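# Architecture at a glance
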Amino acid sequence: MRKYDREFILNHYKNHYSFHMDISEHLKGDEELVVGSIDVCVTTRCNLACKGCGSLMPLYGHPEDVDLETLLLSLDRFFSVVDRVFRVNVVGGEPFICPHMDRVIEFLNSRDEVIWTVVPSNGLVVPKNPRLFKALGNPKNHVRISHYEHFDDRSKLLITKLREEGIDYSVKEFGDDTFLWYDFGDYENRGRNSAELANQYRSCEVEWMSLYQGKLYPCPRAAHSIDLGLQPAEGNYVDVLDETISLERLKFQLEEFVYEASYYPACNRCDRGTGLCPVIPVAEQG
Ligand SMILES: C[S@@+](CC[C@H](N)C(=O)[O-])C[C@H]1O[C@@H](n2cnc3c(N)ncnc32)[C@H](O)[C@@H]1O
Ligand code: SF4
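Presented here is a report on the structure given in the accompanying data block. (Residues numbered from 1 in each chain as written. Chains lettered and ligands numbered in written order. Predicted model: local features only at pLDDT ≥ 70, side-chain atom pairs only at ≥ 80, totals over all residues.)

## Some points on the site of ligand 1
Selection criterion: In this text, near has one meaning. A residue is near a molecule or strand if its C-beta atom, placed using the backbone, is within 6 Å of it. Helix numbers and strand numbers start at the N terminus; a helix is a DSSP run of H or I with at least 4 residues, a strand a run of E with at least 2. Residues were grouped as follows: Ala, Val, Leu, Ile, Met, Phe, Trp, Tyr, Cys and Pro as nonpolar; Asp, Glu, Lys and Arg as charged; and all remaining residues, including Gly, as polar.
Ligand 1 sits among 15 residues. The nearest are G54, S55, N122, S146 and W181. Listing elements by their share of the shell around ligand 1, those giving two or more residues are β3 (114-121) and β6 (181-182). Looking at the shell around ligand 1 residue by residue, the class counts come to six nonpolar, seven polar and two charged.

Here it is in structure tokens:
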């Protein structure tokens with residue numbers, strides 16, 4: 001059985017607690033391709049090295065910013081065929097390290113297909129670029145600061161700056177039963193059958209696909225483990241940036257990838273959604 005089809009996504013986002021929105025206000029009724037949420041990765045650079053980072057950032061030997069042209073071209077092609085995305089997370093690594101964040105936020109502000117843009121940050125860098133703050137001042141943006149306890153003093157500087165600039169923000173508090181961190185296991189093939197994989201994917205809480213280096217993957221773990229050569233790429237992405245693929249064909253490929261899949265090959269190399277994932281310390285440095 002499929003997990004996501006258009007009706008599922010619409011109902012899901014209508015009732016989603018973290019979306020301060022009535023989705024009917026944002027739908028005209030003629031949308032064909034609606035994607036709930038995507039991560040757009042702008043950099044693999046980070047100022048922390050969390051042992052259990054779910055996006056695998058500390059495994060990059062040569063972390064770097066995603067080239068601006070790649071980002072803007074892939075976003076442009078993506079939004080040429082996708083009618084609505086409720087939430088775009090602009091992530092890293094640490095997104096506020098990326099020098100062209102201003103241009104990415106400006107681009108997302110300009111696209112009516114995007115309802116809400118969220119910047120998840122570890123709170124430990126205060127950007128200085130006035131153009132970025134101007135762009136973040138657009139009311140569809142929100143900065144979400146991860147409150148990693150041992151770094152509290154430094155994140156206060158970012159909070160002060162966001163307040164001064166009038167930017168909408170919130171702090172993600174990690175507690176004994178809120179926003180736990182998990183270890184999703186290694187990248188070996190678990191040998192699960194189709195029924196087991198479909199059950200697993202239905203239970204998996206990741207609802208944000210990942211747009212990284214012009215390709216759309218089912219999740220950030222799949223994107224970065226494939227990029228790092230830890231598992232095969234086949235069946236795990238749509239190449240949004242490949243300009244030899246017509247927009248009509250790209251739309252068809254995305255519809256199949258988002259709406260028709262019961263699971264992805266990467267699910268067989270992950271324990272998320274199985275109940276097998278141990279809780280690990282939040283943001284413990286390696
Ligand atoms: C990968 S981080 C990137 C943004 C930023 N550097 C940060 O740490 O907030 C995005 C979100 O994933 C969460 N996260 C990272 N590793 C995780 C894990 N193993 N389990 C659960 N959440 C995780 C972080 O706490 C953060 O809220
Ligand atoms: S979870 Fe830690 S290592 Fe990973 S991106 Fe966020 S701050 Fe960086």
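Now that the structure is up, let's keep going.
## Brief notes about the site of ligand 2
The immediate surroundings of ligand 2 are formed by 13 residues, with C46, L48, C50, C53 and N122 found nearest. Residues that form the shell around ligand 2 fall into these classes: eight nonpolar, four polar and one charged.

## Observations concerning the pairing of β3
Here is the rule we go by: Any residue whose C-beta has 12 or fewer other C-beta atoms within 10 Å is treated as exposed, any with 20 or more as buried, and any in between as partly exposed, C-beta atoms being built from the backbone. If DSSP finds at least two bridges between two strands, the strands pair. Think of it like this: strands point away, you trace from the first strand over the helix to the second, and a clockwise trace means the crossover is right-handed.
Burial within β3 is extensive, with six of its eight residues counted as buried. Summarising the sheet, strand β2 (residues 84-91) and β3 pair through four bridges and their orientation is parallel. From the neighbouring strand, N89 faces β3, where its bridge partner is V118. At this point the chain moves from β2, through helix α3 (residues 101-110), to the parallel β3, and the crossover so formed is right-handed. With five bridges joining them, β3 and strand β4 (residues 141-147) adopt parallel strand pairing. Bridge assignment links P120 to a residue of β4, and that residue is R144.

## Structural notes on the environment of D186
As for its position among the elements, D186 is in the loop between β6 and α6 (194-203). In this structure the C-alpha to C-alpha distance between D186 and D271, which are 85 residues apart in sequence, comes to 8.5 Å.

## Let's talk about helix α5 (residues 152-165)
Our working rule: For a helix, the expected span equals 1.5 Å multiplied by the number of residues minus one.
With 14 residues, α5 ought to run about 20 Å at 1.5 Å a step, and its terminal C-alpha atoms sit 20 Å apart, in line with that. Two residues or fewer after α5 comes G166, characterised by a positive phi angle close to 70°.

## With respect to the packing of helix α2 (residues 68-81) against helix α8 (residues 247-260)
The cut-off we apply is this: Helix axes use the C-alpha atoms of the stretch in contact, all axes being lines fitted to C-alpha atoms, and the angles between their N-to-C directions lie in the range 0 to 180 degrees. For classification purposes, an angle smaller than 35 degrees is called roughly parallel, one larger than 145 roughly antiparallel, one from 65 to 115 roughly perpendicular, and anything else oblique. What counts as a contact here is a pair of residues whose C-beta atoms, placed from the backbone, lie within 7 Å.
The geometry of α2 relative to α8 is characterised by a closest axis approach of 9 Å and an angle of 80° between their N-to-C directions. It follows from the interaxial angle that α2 and α8 lie roughly perpendicular. Contacts between α2 and α8 involve R77, S80 and V81 on the former and, on the latter, L247, L250, K251 and L254.

## Focus on the pairing of β2
The element β2 is extensively covered by neighbouring structure, given that eight of its eight residues are classed as buried. Once the chain exits strand β1 (residues 34-41) it traverses α2 before rejoining the sheet at β2, and the crossover so formed is right-handed.

## A short note on the environment of G273
Here G273 lies in the loop between α8 and β10 (279-280). Note: C-alpha distance between G273 and Y201 (72 residues apart in sequence) is 6.3 Å. Ignoring any residue separated from it by four or fewer positions in sequence, one finds G273 in contact with Q200, Y201, S203 and C204.

## Quick word on the nonpolar core
Note the threshold: Here a nonpolar core is just a set of buried residues of the types Ala, Val, Leu, Ile, Met, Phe, Trp, Tyr and Cys, joined wherever their C-beta atoms sit within 7 Å.
One finds V40, V42, V90, I105, L216 and Y217 to be the most contacted residues of the largest nonpolar core, which totals 58 residues. Every residue in contact with V90, bar those within four places of it in the chain, is listed here: V40, V42, P95, V104, I105, T117 and V119.

## Thoughts on the sheet that holds β4
Through backbone hydrogen bonds, the strands of a sheet pair up, either in parallel or in antiparallel fashion. Read across the sheet, eight strands follow the order β5-β4-β3-β2-β1-β7-β8-β9 without closing on themselves; strand pairing throughout is mixed. Two strands bound the open sheet, and with one partner strand each, they are β5 (169-173) and β9 (238-239).

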